[in-house]
Amino acid sequence: MPPVQRTLDYPAVCVEPTWLEWRGLMSCVEIFGFVLNETLCRTSRKRKHDPVMFSRISDALQAAADVVAPPCPRVEDLRYHWTQLSIICQRCQHNEGQTPAIEETHVPRHLTQMLKMLVAEEREQRVGGPLSPCMEYLVQEKVLATLASHARADRPLGIRQHAYVFLVGVLNHLHHSHLHHGPVHKPLQVMVKASCEMRASPYEHEEMEFLSTLCEKIRQDSSIILLYIQPIAITGGVPSGFTPDDSFPPTPTHEVANGTSVDEQNSSAGQKSQPKFPLVDALLNMCHSADSRISSMAHDCLVSVASIRQGHSSSTIARHTLLPHYLASRLVTASDAIPKETEPALIEDIPLTERSKGEALEGSDSEEEDDIGEFPGRREVIAFLNWLTFCDKFVGACDGTLGSSICSTIREVFLEGVLRGMLNNEDEDTISLYLAITAKIITSVSSPLLVNSTISWLSEDSEELEGEECAMRHHLMKLCQQPPHHLQIQALRLLQVMIEKPGSMAVQSLVLNYVMTRGYHDSSAAEHQQSSWSDEEDERYKHREGETSPGSVPISRTLAPTNINKIVKRFLMVVPEELRSTNKDDFESYMADAERQYRDVCRSCVSFGWPREAVTPECPSDSSSTASRESRPEAEGSNFYEGPLLRMLMDFLEHLPDQDYDINLQVTSLVATLALLPHPHLHEYLLNPTVTLSEGVRTPCTVLSSVVSKIHQPIVEREDYVDHLKVTRYQLLGTMEEFDFERDDDDRKFEALIVIEEFTKELASIAYAKYRTECHG
């Protein structure tokens, strides 16, 4: 570079100008070019001139400025701005009076210029390559650490906000591989901790943007998450790996929201070796924001962090953060907000559309909202279901350790703490409301852990509860069997929802643990019968197991018996011809629905690994024998105990003539749901009337035949019973256009007969649909 001849007030000597002198000269030229460019632009707007021409003039002036005074390296410019910023911050720290606000200093301008230089240089670097010179300077001089110290102390007042903005810009343009450097990730940890210190912080928008950007970097490289789990040193409260000597300059004591300093908190936490996860704590802090956008972003970031399966991150979140308790407590709060006057019958039909989710989150009242489906408590129910759906999404995204912790906390805090009390309430309206809410909970969740945690709470028979408390299954069965009948219907409906839920373990605990012993079957009387899959053929089946070709599924002799026509006929003959309300043979009308429903059920049960044949076990398993003894009443002429659910359903079928029509419909619907399941023992018990039964065993076919026998004589004794049957059928299934006939309101025998007539057709169609599906696919 040629020397510059100084004139004017300087002696005529040749001196080598410094970079700052060159920089001042260049700045003057730049200012002149800027003013000229603005003037030309204003002129171009007034007259019809080509703006490209003025742009070329401006570029020429800039090129001339670069020739006269070449631009200094970015790293020198960065050093200048950082030096000026440091001087300002040092003055503010040593100023005993009132420190100036950030707007009264040039700190924002210096940070903006530094960020521009870093971004421009990083764009020129190869992706994933070495650190750029400017970034290298930040690392070597511990610029980020010093900036984090000033931001944590927030001196000058407001610098924390601009520090967050600066760090977001750095993170957005810095490759995630560089975040493993200590001088980079340690200052970020300090800023994460600063986000934990105060709720409703004046900088929460910038804090959330910083946390969101950091979570995105962690998502790109999951190993980064381990850098934000901080074990506490046993000898003190300072996190290991965070020694001030090699990481940060001395930091002024910062007062937190509760008035205690960080140093005091660290000293009180001494002698503990529990890990901490400040990133999760900071996100939980953001979840409490009054701004729904910030809380929504925090929730999304929590899901992103929890879904990372790296090292011991999940176990740390589960055991050493308040995340599980936060999810459960928010569920309790949303549940408590539901008004007691909410109509239970309307809860089942609430659709969780995108519109309803937006209404629940924002709580806005739209004038364009139509009133169809609107009822008191609708918004509160939607808000509860949306939070439940978020918990379900959370459990589904994280691994088993964290998911199990969340489910157990929800069970303890919400199911046991709130739902049990509501279902045990003395007020019938409260019980009715929370039976509907419980059913909606089961239909809304989909993650296997949360589904089975909820259903096991309802269906398990726990022996640990003492005193007035009992397992929820006993209370649920009690609600099914005791008036009022609208609670009976809701409790039966809840049981059906539990059975129908894909992946549910309710069937195993309520039914299969009892029928898998095959105690209903009398093997001694079946030695000379070929009507069912008997013990005589057990050994043949066991020997044939290894003869099937790989990948093929043998046809089940239990689900597709050779005597299927005899089975169908037995069901259809339960109601004799003289008691039938119609001469039409509409058995086929049930077939299409039965085949479709059976295929759907098979798809949902494919992962259960159920056996293909109903084979008598050589030695009953401990679980089966234990289940058969649980809560078992005294044997009534039979060594087989069908379990509490099947026993209750058989009791309901026996009392069809004494019950309301809607209860009978719900009972038969629940039995049909069980009959559709592709489990061989359950199928044989419910759908094979030809199997030889042990003494005293009740099946649907035997119970329904017994009921028809009891009501046969009282019905035929009425002279008008044929017309009465037709009228009852039209009242229940059709219209009264063809008949003008009054029937007794208190006579339920005819209603029960119509129910049995249609129900036996349904059971026959299910048996035949299973046969056709197994044989023909």
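Residues numbered from 1 in each chain as written. Predicted model: local features only at pLDDT ≥ 70, side-chain atom pairs only at ≥ 80, totals over all residues. Heavy atoms only, no water.

## Examining the overall build of the protein
So, step 1. Counting its secondary structure elements, the protein contains 34 helices and four strands.
So, step 2. The proportion of buried residues among the 777 residues of the protein is 49%.
So, step 3. For the protein, restricting intrachain contacts to residue pairs at least 6 apart in sequence, the fraction spanning at least 24 positions comes to 75%.
So, step 4. Carbon and sulfur atoms make up 51% of the accessible area of the protein, which totals about 38600 Å². (Helix = DSSP H or I, 4+ residues; strand = E, 2+ residues; numbered from the N terminus. Buried < 20%, exposed > 50% of the residue type's maximum accessible area, 1.4 Å probe, protein only. Contact = heavy atoms within 4.5 Å. Areas by Shrake-Rupley, 256 points an atom, 1.4 Å probe, with all protein chains shown as cover.)

## Re the packing of aromatic side chains
So, step 1. Per the counting criterion, the structure on display carries eleven aromatic pairs.
So, step 2. On the numbers, 5.6 Å between centres and 85° between planes, the contact of Y514 with Y641 is edge-to-face. You can see Y514 sitting in helix α24 (residues 506–515) and its partner Y641 sitting in the loop between α28 (622–629) and α29 (643–654), a full 127 residues away along the chain. Y641 matches Y514 in its accessibility class, with the two residues each being buried.
So, step 3. The ring of W387 has R330 sitting right over it, with the charged end atom 4.1 Å from the ring centre. (Phe/Tyr/Trp six-rings, centres within 6.5 Å; stacked < 30°, edge-to-face > 60°. Lys NZ or Arg CZ within 6 Å of the ring centre and 35° of its normal.)

## A word on the nonpolar core
So, step 1. Residues F166, F210 and L645 are the most contacted members of the largest nonpolar core, which totals 197 residues.
So, step 2. The leading source of residues in this core is helix α34 (residues 749–776), at eleven residues.
So, step 3. Setting aside its immediate chain neighbours within four residues, F210 contacts Y164, L167, V168, L171, L188, M191 and V192. (Core = buried A, V, L, I, M, F, W, Y, C linked by side-chain atoms within 4.5 Å.)

## Some points on the pattern of salt bridges
So, step 1. One pass over the structure, following the stated rule, counts 21 salt bridges.
So, step 2. Notably, a salt bridge pairs E216 with R219, separated by 2.6 Å at the nearest N-O pair. Highlighted residues: E216 and R219, both in helix α9 (residues 204–220), separated by three residues, approximately one helical turn.
So, step 3. Across the pair E758 and K761 runs a salt bridge, and its minimum N-O distance is 3.5 Å. With E758 and K761 both in helix α34, this residue pair falls three residues apart, about one helical turn. (Salt bridge = Lys/Arg side-chain N within 4 Å of Asp/Glu carboxyl O.)

## Here's the deal with the side chain of S556
So, step 1. Mapped onto the fold, S556 is located in the loop between α25 (538–544) and α26 (564–572).
So, step 2. A polar contact is formed between the side chain of S556 and the backbone nitrogen of T558, at a distance of 3.3 Å.
So, step 3. In this structure the side chain of S556 is engaged in a polar contact, spanning 2.5 Å, whose partner is the backbone oxygen of R612.
So, step 4. Discounting residues that sit within four places of it in the chain, S556 has contacts with R612, E613 and E774. (Polar contact = N/O pair within 3.5 Å; in protein donor to acceptor, adjacent residues only side chain to side chain.)

## Observations regarding the environment of L494
So, step 1. With respect to the helices and strands, L494 occurs in helix α23 (residues 485–500).
So, step 2. Overall, L494 belongs to the buried group, its relative accessible area being 0%.
So, step 3. C-alpha of L494 to C-alpha of K440: the two residues are 54 residues apart in sequence and 9.0 Å apart in space.
So, step 4. Residues within four places of L494 in sequence aside, it is in contact with L435, T438, A439, I442 and L476.

## A few points about the environment of G519
So, step 1. Checked against the element boundaries, G519 lands in the loop between α24 and α25.
So, step 2. By relative accessible area, which is 27% here, G519 ends up partly exposed.
So, step 3. For the pair G519 and E642, spaced 123 residues apart in sequence, the C-alpha to C-alpha distance is 8.7 Å.

## A look at the confidence of the model for the protein
So, step 1. Overall, the prediction assigns the protein a mean pLDDT of 78, with 72% of residues at 70 or greater.
So, step 2. This model gives residues 621–631 a pLDDT under 50, and the stretch forms 13 contacts once residues within four places in sequence are excluded. (pLDDT = per-residue confidence, 0-100.)

## Side note on the side chain of T673
So, step 1. Counting through the fold element by element, T673 comes out in helix α30 (residues 661–675).
So, step 2. Apart from residues lying up to four places away in sequence, T673 is in contact with Q496, I499 and E500.

## Examining the environment of V708
So, step 1. Looking at the element boundaries, V708 is found in helix α32 (residues 700–716).
So, step 2. It is 7.4 Å that separates the C-alpha atoms of V708 and V574, two residues lying 134 residues apart in sequence.
So, step 3. For V708, the contacting residues outside a window of four places in its chain are V574, V575, P576, L579 and I756.

## Side note on the packing of helix α3 (residues 74–94) against helix α5 (residues 133–140)
So, step 1. It is at 8 Å that the axes of α3 and α5 come closest, and there the two elements cross at 40°. Relative to α5, the element α3 is oriented oblique. Considering only the axes of α3 and α5, their crossing is right-handed. Side by side, α3 and α5 meet where R74, V75, L78, R79 and W82 of the first sit next to P133, C134, Y137 and L138 of the second. (Axes fitted to C-alpha atoms, helices over the stretch in contact; angles between N-to-C directions. Parallel < 35°, antiparallel > 145°, perpendicular 65-115°, else oblique. Left-handed = near helix turned anticlockwise from the far one by under 90°.)

## Re the packing of helix α7 (residues 159–173) against α9
When two helices pack together, their arrangement is captured by the angle between the axes and the distance separating the axes.
So, step 1. In the contact formed by α7 and α9, the axes pass within 9 Å of each other and the chain directions differ by 25°. Comparing their axes, α9 and α7 come out roughly parallel. You can see that α7 and α9 cross each other, and the crossing is left-handed. From α7, R160, Q161, Y164, V165, L167, V168, L171 and N172 reach across to α9, where they touch E206, E207, E209, F210, T213, L214 and K217.

## Structural notes on helix α15 (residues 323–336)
So, step 1. Taking 1.5 Å per residue as the helical rise, α15 with its 14 residues ought to reach 20 Å, and the 20 Å between its terminal C-alpha atoms agrees with that figure.
So, step 2. For α15, the elements touching its buried residues are α12 (278–287), α13 (292–306), α14 (313–320), α18 (378–397), α19 (400–423) and α20 (428–444). (Expected span 1.5 Å × (residues − 1).)

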